[in-house]
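# Fold and contact review
Listed here are the chains, written in short residue letters.
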Amino acid sequence: MSDHTVLKVEGRVLTGPDEACDELWVVDGRITYERPRAEAVTVRGWALPGLVDAHCHVGLDRHGPVDATTSEKQALADRDAGALLIRDAGSPSDTRWIDDREDLPKIIRAGRHIARTRRYIRNYAHEIEPGDLTAYVAREARRGDGWVKLVGDWIDREDGDLAACWPRGAVEAAIAEAHRLGARVTAHCFAEDSLRDLVEAGIDCIEHATGLTEETVPLFAERGVAIVPTLVNIATFPHLADGGEARFPRWADHMRRLHERRYDTVRAAYDAGVPVFVGTDAGGSLAHGLVADEVGELVKAGIPPVEALSATTWGARRWLGRPVLEEGAPADLVVYDEDPRADVRALAGPRRVVLNGRIVG
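Figured I'd write up the structure that's included with this text.

Rules of the game
- Residue positions are given per chain, counted from 1 along the sequence in the order it is written.
- Whole-chain, interface and lining totals are the exception, using all residues; otherwise, since this is a predicted model, local features are given only for residues with pLDDT of at least 70 and side-chain atom pairs are given and counted only at 80 or more.
- To obtain the side-chain values, all non-hydrogen atoms of the structure were used and water was disregarded.
- Any two strands are treated as partners once DSSP identifies two or more bridges connecting them.
- Secondary structure elements follow DSSP: runs of H or I of four or more residues count as helices, runs of E of two or more count as strands, with numbering from the N terminus.
- Helix axes are fitted only over the stretch in contact, all axes being lines through C-alpha atoms; the angle between N-to-C directions runs from 0 to 180 degrees.
- Each residue after the first adds 1.5 Å to the expected span of a helix.
- Note on contacts: a residue pair qualifies if any of its non-hydrogen atoms lie within 4.5 Å across the two residues.
- Each residue's exposure class comes from its accessible area (1.4 Å probe, protein chains only) as a fraction of the maximum for that residue type: buried when under 20%, exposed when over 50%, partly exposed otherwise.
- Any two cysteine sulfur atoms within 2.5 Å of one another count as a disulfide.
- Just to be clear on terms, a salt bridge is a Lys or Arg side-chain nitrogen sitting within 4 Å of an Asp or Glu carboxyl oxygen.
- In the analysis that follows, any N or O atom pair within 3.5 Å is treated as a polar contact, provided that within protein one partner can donate a hydrogen and the other can accept it, and provided that, for residues neighboring in sequence, both atoms belong to side chains.
- For cavity detection a 1 Å grid was placed over the protein atoms alone, and a set of points counts as a cavity when a 1.4 Å probe fits there but cannot get out; an open set counts as a pocket when protein lies on both sides within 12 Å along at least five of seven lines, with lining residues being those that have an atom within 4 Å of a point.
- Grid points are joined across faces, edges and corners, and a volume is the space filled by probe spheres set on the points.
- In this classification, Asp, Glu, Lys and Arg are treated as charged, Ala, Val, Leu, Ile, Met, Phe, Trp, Tyr, Cys and Pro as nonpolar, and every other residue, Gly included, as polar.
- To define a nonpolar core, start from buried Ala, Val, Leu, Ile, Met, Phe, Trp, Tyr and Cys residues and group those joined through side-chain atoms within 4.5 Å.
- In this scheme, roughly parallel covers angles under 35 degrees and roughly antiparallel covers those over 145, while 65 to 115 is roughly perpendicular and the rest are oblique.
- Put simply, a crossing is left-handed when the front helix is turned counterclockwise from the back one by less than a right angle, and right-handed when it is turned clockwise.

## Brief notes about the sheet that holds strand β8 (residues 83-88)
The strand order across the open sheet built from three strands is β5-β8-β9, with neighbouring strands paired in parallel fashion. Of all the strands in the sheet, the pair left with one neighbour each is β5 (51-56) and β9 (106-109). Taking each pair of neighbouring strands and ignoring which way they run, the sheet shows an average axis angle of 20 degrees. Note: β5 against β8, four bridges, orientation parallel. Paired with Asp-53 across the strands is Ile-86, a residue of β8.

## Topic: helix α1 (residues 68-80)
Think of an α-helix as 3.6 residues a turn; residues three or four steps apart then line up on the same face. If you check α1, its first and last C-alpha atoms are 18 Å apart, about what 13 residues at 1.5 Å a residue would give, namely 18 Å. Each element contacted by the buried residues of α1 is listed here: β5, β6 (60-61), β8 and β19 (352-355). Immediately beyond the C-terminal end of α1, within one or two residues, lies Gly-82, with a positive phi of roughly 100 degrees.

## Concerning helix α2 (residues 133-143)
Within the span of α2, buried status applies to Leu-133, Val-137, Ala-138, Glu-140 and Ala-141. Looking at the buried residues of α2, the elements they touch are β10 (114-116), β11 (126-128), β12 (147-151) and α3 (168-180).

## Quick look at the sheet that holds strand β2 (residues 19-27)
The sheet built from seven strands is open, its strands ordered β3-β2-β1-β4-β18-β19-β20 with mixed pairing. The open sheet is flanked by β3 (30-32) and β20 (358-359), the only strands paired with a single partner. Where strand β4 (residues 41-49) and strand β18 (residues 333-336) come together, four bridges link them in antiparallel fashion. Directly across from Leu-48, in β18, lies its bridge partner Val-334.

## Focus on the state of the cysteines
Following the criterion strictly, the structure yields zero disulfides and no others. In this model Cys-165 remains outside any disulfide bridge; the closest cysteine sulfur is found in Cys-189, 8.4 Å from its own.

## Focus: the pattern of salt bridges
Throughout the structure, instances matching the rule amount to 33 salt bridges. Between Arg-261 and Glu-192 there is a salt bridge whose closest N-O contact spans 2.9 Å. Here Arg-261, found in the loop between α8 (249-260) and α9 (262-272), pairs with Glu-192, found in the loop between β15 (184-189) and α4 (195-200); they are 69 residues apart in sequence, far enough to count as distant. Notably, a salt bridge pairs Arg-351 with Asp-337, separated by 3.3 Å at the nearest N-O pair. Highlighted residues: Arg-351 in the loop between β18 and β19 and Asp-337 in the loop between β18 and β19, separated in sequence by 14 residues. Classification of Arg-351 as partly exposed rests on a relative accessible area of 40%. One connected set of salt bridges, linked through shared partners, spans Lys-8, Glu-10, Glu-23, Arg-35 and Arg-44.

## Considering the side chain of Arg-109
With respect to the helices, strands and loops of the structure, Arg-109 is situated in strand β9. A polar atom in the side chain of Arg-109 sits 2.8 Å from the backbone oxygen of Thr-95. Filtering out sequence-adjacent residues up to four positions away, Arg-109 remains in contact with Asp-88, Thr-95, Arg-96, Ile-98, Asp-99, Gly-144, Asp-145, Gly-146 and Trp-147.

## Let's talk about the layout of surface pockets
Taken as a whole, the largest pocket spans an internal volume of roughly 1,100 Å³. If you go around the largest pocket, you meet 34 residues; those closest to its centre are Tyr-120, Ile-121, Trp-154, Leu-240 and Trp-251. Of all the elements in the fold, those that place two or more residues in the lining of the largest pocket are β13 (153-156), α7 (237-244) and α8. At four residues, α7 tops the list of elements feeding residues into the lining of the largest pocket. In terms of residue class, the lining of the largest pocket is made up of 13 nonpolar, twelve polar and nine charged.

## Some thoughts on unusual backbone geometry
One non-glycine residue, Arg-118, lies in the positive phi region at around 60 degrees. Topologically, Arg-118 is positioned in the loop between β10 and β11. At Thr-230, a position not held by glycine, the phi torsion is positive, near 50 degrees. You can call Thr-230 buried: its relative accessible area is 0%.

## A few points about the nonpolar core
Nonpolar side chains tend toward joint burial in soluble globular proteins. By size, the foremost hydrophobic cluster in this structure holds 80 residues, and its most contacted members are Leu-133, Ile-203, Ile-206, Phe-220 and Leu-298. Not counting residues within four places of it along the chain, the set of residues in contact with Ile-206 comprises Thr-186, Ala-187, Cys-189, Leu-195, Leu-198, Phe-220, Val-225, Ala-226, Ile-227 and Val-228. Within the second largest apolar cluster, 14 residues are counted, among which are Val-13, Ile-31, Leu-333 and Val-354.

## So, the packing of α2 against α3
Geometry of a packed helix pair, given as the angle between the helix axes and the separation of the axes. As a packed pair, α2 and α3 sit with axes 8 Å apart at the nearest point and diverge in direction by 25 degrees. Accordingly, the angle class assigned to the pair α2 and α3 is roughly parallel. You can see that α2 and α3 cross each other, and the crossing is right-handed. Along its contact with α2, which presents Leu-133, Thr-134, Val-137, Ala-138 and Arg-142, the element α3 presents Ala-170, Val-171, Ala-173, Ala-174, Glu-177, Ala-178 and Arg-180. The class makeup of the residues in the contact of α2 with α3 is eight nonpolar, one polar and three charged.

This is how it looks when you write it as structure tokens:
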């Protein structure tokens, strides 16, 4: 299809959770609500802004960085599932070349993970000690797209269980430096112990957040700290626990308990007003293209379907500072046969995927 092909999207264009119109046009790759004079190719159905996967890893697999061919396959799998905006929550690969490809999703990068020495998955992160944390956060803030990713907790082999990685003073200084440089900070956290220090130090988001409790949920709500639960990843906890039980029985028991209460944890956060967004954690051990599954998991946790949908569309895009289906915005949208507000399972079967104004799927 030519870059200059005019599209008409008709049916129901979902411009917000409770807002819709009958049609929009795509001219020169951008959305307009003014009828053009040129003839248009018509696409019919229920249109949503391109979905957001707010925790994804393009350029990474279970062993570490991957080549460009593999990275491209990962990005295409996300795109074909309707995820047209990705917050890449840590990758050791340079994927800037994707920005030059109009057929691949847009990526907001958090640079490379920053972890404590020997306290994360091998080949993934900068592994450093607390005295270097601020310098590395500054480095990744300059390299990323407005985000930095910390590893907030991981198994302490001497203790045999999950434990916080950073002293309070180190994260306070590092987060302050990221904010000074205009970047937001997020952190991988499975357990309970690190959460209060990170939130009170000014962190902007927590990934997974399985360790939220009755004591820390109100703190998150008060500070407006978002969570990205990655429930499709948390589903793997029992398998991980089985594999590690012989060496680390306390850790294995802890992982199972976090898994058992995962839905209650997410629902409690949502009910308290904590912002919740969709992320799959694809790119480590998980396949790409699971965004519809994660929305379904949020609904299982008790989040109303329209709110779960917003967590991957209107709300998620506004949180990340990106446009929705508004006049002049890049035409990144997904069209479905059924209303996904009525049944989020519709997300699993996009009828058409439009990226930068071109039909790509």
